[in-house]
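Per-entry structural report
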Number of protein chains: 2
Amino acid sequence: MRNPLLVPDLRELIQDGEVLALREFVSDQHPGKVAELIEDLEDHDGDALFGVLEPRDRAEVLSYLDLDSQNRLVEAMPPQAAAELLRVMSHDERAALVNRLDEDFVDEVLPNLAQAERDDIRRLTSYEPGTAGAVMTTDYVTLPPHITVREALDRLRHEAPDRETIYYTYVVDHTRRLIGFVSLKRLILARRSAVIEEIMQQDVISGRVDEDQEPVARQIEKYDLLALPIVDADDRIVGIVTHDDAMDILRQEQTEDILKFGGVSPDPEADTAPYWQSNVVSVVRRRIKWLMLLFLAENLTTPVVQHFQWTMEDEQVPALFLFMSLLTGTGGNAGSQTVGTVIRGLALGEIKLSHALHVVAREWLTGFCLGLALGTTGFFYIHYWRGQPWGVSGVVGLSLFGVCMWSNVIGSIVPLAASRVGIDPAVVSAPFISTLVDATGMVIYFSIAIMLLGLTR
Amino acid sequence: MRNPLLVPDLRELIQDGEVLALREFVSDQHPGKVAELIEDLEDHDGDALFGVLEPRDRAEVLSYLDLDSQNRLVEAMPPQAAAELLRVMSHDERAALVNRLDEDFVDEVLPNLAQAERDDIRRLTSYEPGTAGAVMTTDYVTLPPHITVREALDRLRHEAPDRETIYYTYVVDHTRRLIGFVSLKRLILARRSAVIEEIMQQDVISGRVDEDQEPVARQIEKYDLLALPIVDADDRIVGIVTHDDAMDILRQEQTEDILKFGGVSPDPEADTAPYWQSNVVSVVRRRIKWLMLLFLAENLTTPVVQHFQWTMEDEQVPALFLFMSLLTGTGGNAGSQTVGTVIRGLALGEIKLSHALHVVAREWLTGFCLGLALGTTGFFYIHYWRGQPWGVSGVVGLSLFGVCMWSNVIGSIVPLAASRVGIDPAVVSAPFISTLVDATGMVIYFSIAIMLLGLTR
């Protein structure tokens, strides 16, 4: 419970049916806090609190509740009341809600809405998930270019209650083509008699309705925008994506990136897949693909060991087997470090493909330094602590040095190459690099052993 | 070059010294776009374009340039002009700039500023990096509770040019204690004669000045805020953190998380360490710590192999060595998948410590399913494809099953335990889990071999 002090008082107000007191309490709170309280109360008290809210408060609180509670609360409402709620909800959220609600219930509710609202819902629910169209909202303000600032402010005041944001307004011509942009700050600072056309910013940063949601969110992040207008192929404005949606999109993309890096395929069904909302079957499905692929790749180690098995006849070699995991493990770790760094640099646009050679050289140099440190440590450690002869410790030390350089090079080349051929570099996971390094690291190890110890068949 | 069409025209305007045309061009563009153009032009043309801007445009454009260019451009200005620039910059950005500029230069510039501005810079530069204080800005609007909406709007209009945002205003009493919050939308919708106290929202979500920046940014994300007020120990407002700063903070934290997950310590010096800005020495330092630690942990495999070395005398056992890497590798991969999922769930607050048992059970079940699939595959693969006797393929298949379950359990318990004892679970990297699973996986493998093949000393 996040608000232990408030909950008992609230419970009393609810049980005494103090509707006015409850409404006043709610109006002093952020809707997100009210949503938390509803979740903290017992189900019937929470439902009762939600029940006394006025439609507009209800719409705001609803958007902060978890998806299951949203569905439950709305489906418990009479169709008339649900329609009234949909009418005042922000347009992107009501489209998402309609997508999740029971179809029969939706069929009962929609006829209670005006034609325009039904069309809006139909349009927004029809966009491909993951595109700008599927996350944008249609409750923004547009202005014609020829009206005055005074007229614009009157219009804003009139439209504000039904709009997600009034802080950015978009100027459109008679075909709804986006020709400019004015912030409320600029409106407030301008002369009341100035014409919108004169004060608007003409070069508007915008996104395309069929574009992927991530670049749209990155634009909002890069230019510190409150909202980004979304246009169709003819440059007509069809919606806006707001800064809070951009944050959600980026969080979701980062979740996908860290899961991919750990070797888990992203959930193709759900837009977001919070931990508890994906069942074990879908989790297994998302992991087995990679695990099986890596298993097959890991099998490359078998012929490598087999190829060098003849060396086992030499009396020094069983000792070498003791350190095989140490070696492949260290290579995998160094490779993971590199691939993590490079993937992130690519995702943030800090690393461009034109830098590829520079990046690989840099990572090789890093691997050289790391290898020098670990190789030297390993060399002395294995002789003095593990009591192995100098020959064996020399093989391990030199191999550690070689494997560190090698895995840093692999860890930078592979994501760069993936990016070059158009594969999302984030799918190059830490396990993938470790697996690659396992087999190749052994080749390095045995080859050095053969040379240094002068083994012959 | 990101704007190949504009750059040649611009270059011409600059070389012809068309100051007015350049200023008009700039006023139609987002400052972030102007910054890109300056970076795309040759240095002297870029400097010239920056030079013709008016101070306010200059301040906005500056904040979108990379840090090195910012320092270079400002340090090339006469102290008087630099002071004028600082005067109109947003307060958080000028504090960050002053922190980076050459000290002697700062000593020349500051005397040109009013006492109040100097005090503001001194205060903002004094906060501990990484706290809310170090990222907040002080150019926000406050209102007293007793004035009318009309008076408030006049005040906003008057103060707007110098404020980072006017869309949120904070209501304070005579001691600057934060007592309420009003959005510009609410102000615009209210009766002009209403008193602020009546229309303000009383329960304000706020952060503490000495708090870590991440929870502050998470509040902004969670409640979809444009800005979060920051208060001192006596509840007096001392600054605000804006939504665009919150996005930057979260991006930075996510970068740290993915690097930690790959086994790289975050840069203790830099707030953000873009790929090209950290030199190889600091990169090596940040990676060697973990690599060395993992190297030592990886050494646990050596005594394990040594302990079971006696089994080598059995004729079936050399065959078992062929599949050792396959086994530890698969365990490491399954463990990475789990730890990535659990760390992300913890970071987003989807997994709470009170769910720990449930999480481990769930991951165990996932491991059971994955192990069943891989174990069965391995069993038949090793007999039919690798031509090993049923005994050996039985050992490998059963071990794969055991290792998958085991590494899923380890991959969930370790980050949960870290979180329980107050260690950031994000430091539990994929390499860390792989290393743990390497040594323990071998114990499982050899133990199953001894039992199944009936090996005796």
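Okay, so let's go over this structure. Remember, it's a predicted structure, so these values are computed and weren't measured experimentally.

A word on the overall build of chain A. A tally of helices and strands in chain A yields 23 helices and 6 strands. The globule rule puts the C-alpha radius of gyration for 457 residues at 23 Å, and the 31 Å found for chain A is more than 25% above it. Expressed along its principal axes, the backbone C-alpha trace of chain A runs to roughly 90 × 60 × 40 Å. Across the 457 residues in chain A, those meeting the buried criterion constitute 57%. Contacts in chain A between residues at least 24 apart in sequence constitute 68% of all its contacts with a sequence separation of at least 6. Total accessible area on chain A stands at roughly 19000 Å², and carbon and sulfur atoms take up 55% of it. The distance from the centre of the 39 positive side-chain charges to the centre of the 67 negative ones in chain A is 6 Å.

In this section: the pattern of salt bridges. Following the criterion strictly, the structure yields 43 salt bridges over all chains and no others. A salt bridge links B:Asp45 to B:Arg11; its shortest N-O distance comes to 3.9 Å. Separated by 34 residues along the polypeptide, B:Asp45 in helix H4 (residues 43-52) and B:Arg11 in helix H1 (residues 6-15) bring together distant segments of the chain. Note that B:Arg208 and B:Asp210 form a salt bridge whose closest N and O atoms lie 3.5 Å from each other. Connected via shared salt-bridge partners are A:Glu214, A:Arg218, A:Glu221, B:Asp248 and B:Arg251.

Time to look at empty space enclosed by the protein. One pass over the structure, following the stated rule, counts 5 cavities of 30 Å³ or more. The space that makes up the largest cavity amounts to roughly 180 Å³. As for the largest cavity, its lining consists of 22 residues, and the residues nearest its centre are A:Gly329, A:Ser434, A:Asp438, B:Ser434 and B:Asp438. When its residues are assigned to classes, the lining of the largest cavity shows 2 nonpolar, 16 polar and 4 charged.

Looking now at the packing of aromatic side chains. The tally for this structure, following the rule as stated, stands at 29 aromatic pairs over all chains. Taking the centre distance of 5.1 Å and the plane angle of 85° together, the rings of A:Tyr381 and A:Trp385 count as edge-to-face. Taken together, the residues A:Tyr381 and A:Trp385, both in helix H21 (residues 356-385) and 4 residues apart, mark about one turn of the helix. Relative accessible area serves as the criterion here: at 64%, A:Trp385 is assigned to the exposed category. Arranged with centres 5.7 Å apart and planes meeting at 45°, the rings of B:Trp364 and B:Phe368 form a pair that is tilted. Of this pair, B:Trp364 and B:Phe368 both sit in helix H21 (residues 356-385), 4 residues apart, which is roughly one turn of that helix.

This part covers the sheet that holds strand S5 (residues 227-231) of chain A. Whenever strands of a sheet pair, they do so through backbone hydrogen bonds, lying parallel or antiparallel. Residues and elements named next belong to chain A. On the basis of which strands lie adjacent, the open sheet formed by 3 strands has the order S4-S5-S6 and mixed pairing. At either margin of the open sheet sits one strand with a lone partner, and together these are strand S4 (207-208) and strand S6 (237-242). Here S4 pairs with S5 via 2 bridges, running parallel. Each bridged residue has a counterpart across the sheet, and for glycine 207 the counterpart in S5 is isoleucine 230. The strands touched by helix H15 (residues 213-222) are S5 and S6; relative to S5, the strand with the most contacts, the crossing angle is about 140°.

The interface of chain A with chain B comprises 115 residues on the first partner and 115 residues on the second. Between chain A and chain B, the buried area comes to about 11100 Å², and carbon and sulfur atoms account for 63% of it. Applying the counting rule to chain A against chain B returns 6 salt bridges. Connecting chain A to chain B are 35 residue pairs in polar contact (both at pLDDT 80 or more). Considering only residue class, the side of chain A that touches chain B consists of 56 nonpolar, 35 polar and 24 charged.

Residues and elements named next belong to chain B. Tracing the backbone through its elements, the reader meets alanine 59 in helix H5 (residues 55-62). In this structure alanine 59 comes out as buried when scored by relative accessible area, which is 6%. Sequence separation of alanine 59 and aspartate 120 is 61 residues, and the distance between their C-alpha atoms is 17 Å. With residues near it in sequence (within four places) discarded, alanine 59 still touches Leu85, Val88 and Met89.

What follows deals with the environment of A:His30. Of note, A:His30 is situated in the loop between helix H2 (19-27) and helix H3 (31-40). Residue classification places A:His30 among the buried positions, given a relative accessible area of 10%. Residues A:His30 and A:Gln254 lie 224 residues apart in sequence; the distance between their C-alpha atoms is 27 Å. Every residue in contact with A:His30, bar those within four places of it in the chain, is listed here: A:Tyr64, B:Gln201, B:Ile205, B:Tyr223 and B:Leu225. At 3.1 Å, the side chain of A:His30 and the backbone oxygen of B:Tyr223 are in polar contact.

What follows deals with a nonpolar patch on the surface. Residue and element names in this part refer to chain A. On the surface, Trp364, Leu365, Phe368 and Leu372 cluster together into a nonpolar patch covering about 350 Å² of accessible area. Residue placement: leucine 372 occurs in helix H21. Residue class for leucine 372 comes out partly exposed when judged on its relative accessible area of 46%.

To continue, consider the sheet that holds strand S1 (residues 141-143) of chain B. All names here are of chain B. The strand order S1-S2-S3 describes an open sheet built from 3 strands, whose pairing is mixed. Edge positions in the sheet fall to S1 and strand S3 (178-183), since each has one partner strand and no second. Each strand of the sheet is rotated relative to its neighbour by a mean of 35°, with strand direction disregarded. Judged from the 3 bridges that link them, S1 and strand S2 (residues 168-172) form a sheet pairing that is parallel. Its bridge partner being in S2, leucine 143 is matched across the sheet by valine 171. Lying on the sheet, helix H12 (residues 149-159) is in contact with S1 and S2; it crosses S1 at an angle near 155°.

In this section: the relation of the copies chain A and chain B. For the pair chain A and chain B, the superposition axis carries a translation of 0.0 Å, the fit reaches an RMSD of 0.1 Å, and the rotation angle comes to 180°. Seen this way, the second copy is the image of the first under a two-fold rotation axis. Mapped onto chain B, 100% of the interface residues of chain A again fall at the interface, so both copies present the same surface.

Here we come to helix H20 (residues 324-347) of chain B. For an α-helix, 3.6 residues make a turn, and residues three or four places apart therefore share a direction. The terminal C-alpha atoms of H20(B) lie 34 Å apart, and with 24 residues this matches the ideal 34 Å at 1.5 Å per residue to within 8%. Of the residues trailing H20(B), B:Gly349 is marked for its positive phi of about 75°.

Glancing now at the pairing of strand S5 (residues 227-231) of chain B. Residues and elements named next belong to chain B. Among the 5 residues that make up S5, 5 are buried, leaving the element largely enclosed by the rest of the structure. Both faces of S5 are covered, namely the face carrying Ala227, Pro229 and Val231 and the face carrying Leu228 and Ile230. In the sheet, S5 pairs with strand S6 (residues 237-242) via 5 bridges, with the strands oriented antiparallel. Paired with valine 231 across the two strands is isoleucine 237, which belongs to S6.

Reading the values: rules and limits
Residues numbered from 1 in each chain as written. Chains lettered and ligands numbered in written order. Predicted model: local features only at pLDDT ≥ 70, side-chain atom pairs only at ≥ 80, totals over all residues. Heavy atoms only, no water. Helix = DSSP H or I, 4+ residues; strand = E, 2+ residues; numbered from the N terminus. Rg over C-alpha atoms; globule rule 2.2 N^0.38 Å. Buried < 20%, exposed > 50% of the residue type's maximum accessible area, 1.4 Å probe, protein only. Contact = heavy atoms within 4.5 Å. Areas by Shrake-Rupley, 256 points an atom, 1.4 Å probe, with all protein chains shown as cover. Lys, Arg positive; Asp, Glu negative; His and termini not counted. Charge placed at Lys NZ, Arg CZ, Asp CG, Glu CD. Salt bridge = Lys/Arg side-chain N within 4 Å of Asp/Glu carboxyl O. 1 Å grid on protein atoms, 1.4 Å probe; cavity = no way out; pocket = protein on both sides within 12 Å on 5 of 7 lines; lining within 4 Å. Points joined across faces, edges and corners; volume = space filled by probe spheres on them. Nonpolar A, V, L, I, M, F, W, Y, C, P; charged D, E, K, R; others polar. Phe/Tyr/Trp six-rings, centres within 6.5 Å; stacked < 30°, edge-to-face > 60°. Pairing = 2+ DSSP bridges. Axes fitted to C-alpha atoms, helices over the stretch in contact; angles between N-to-C directions. Buried area = accessible area lost by both parts, 1.4 Å probe. Polar contact = N/O pair within 3.5 Å; in protein donor to acceptor, adjacent residues only side chain to side chain. Patch = residues over 30% accessible without salt bridge, like charges linked within 9 Å, V, L, I, M, F, W, Y side chains within 5 Å. Least-squares fit on C-alpha atoms with pLDDT ≥ 70 in both. Expected span 1.5 Å × (residues − 1).

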